[in-house]
Amino acid sequence: PPRDLVESEDGGRPFKRYQWIVSSTSSLSSNMTTLFTSGRGSTLDVPSNVVPRERVTTLSITVVLTNFLGLTSNVTVLVDVEVAALPTASILGPS
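What counts and how
- Residues numbered from 1 in each chain as written.
- Predicted model: local features only at pLDDT ≥ 70, side-chain atom pairs only at ≥ 80, totals over all residues.
- Heavy atoms only, no water.
- Pairing = 2+ DSSP bridges.
- Helix = DSSP H or I, 4+ residues; strand = E, 2+ residues; numbered from the N terminus.
- Axes fitted to C-alpha atoms, helices over the stretch in contact; angles between N-to-C directions.

**Quick look at the sheet that holds strand β3 (residues 72-81)**
Within a sheet, adjacent strands bond to each other through the backbone by hydrogen bonds, running parallel or antiparallel.
Thinking step 1. If you walk across this open sheet you meet the 3 strands as β1-β2-β3, and the pairing is antiparallel. The two strands at the open ends of the sheet, each matched to only one other strand, are β1 (17-24) and β3. Geometrically, the sheet is characterised by an average inter-axis angle of 20° between neighbouring strands, direction not taken into account.
Thinking step 2. Two strands pair when backbone bridges link them, and β1 and strand β2 (residues 57-66) are joined in this way by 8 bridges, in the antiparallel orientation. Each residue of the ladder has a partner; that of V22, found in β2, is I61.

Worth remembering: the numbers are spatial, not functional.
Written out as C-alpha cells, the structure reads:
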C-alpha cells in the first residue's frame, strides 16, 4: 500500500513501532533479519550483495506494526528477488 495509507491506518497517527522479520526459503541463511539493517521505520531495503546473482531467491518478509494504543498486527509476504548484472557491450574493431 502507499506509504501515506499505511501510516494513517490508525486514525492518522504514525505507528509507534515497525518490526521487520526477513527469512529465506532458499539455501541462504534462514534468518536474514540481521542482514537487513536498513529496515527502519516504514521502509525495508533489500541489499543486492545479500541476494545471489545466479538464481532467483524467495524472501519471506513480515512486518509487525504497533499503533498508538499498543495494539499490534502483522502481515507476511513472499517476494521473489532477482539481482541482474548490468549488461556489457563491446565493439570489435581496430583500437
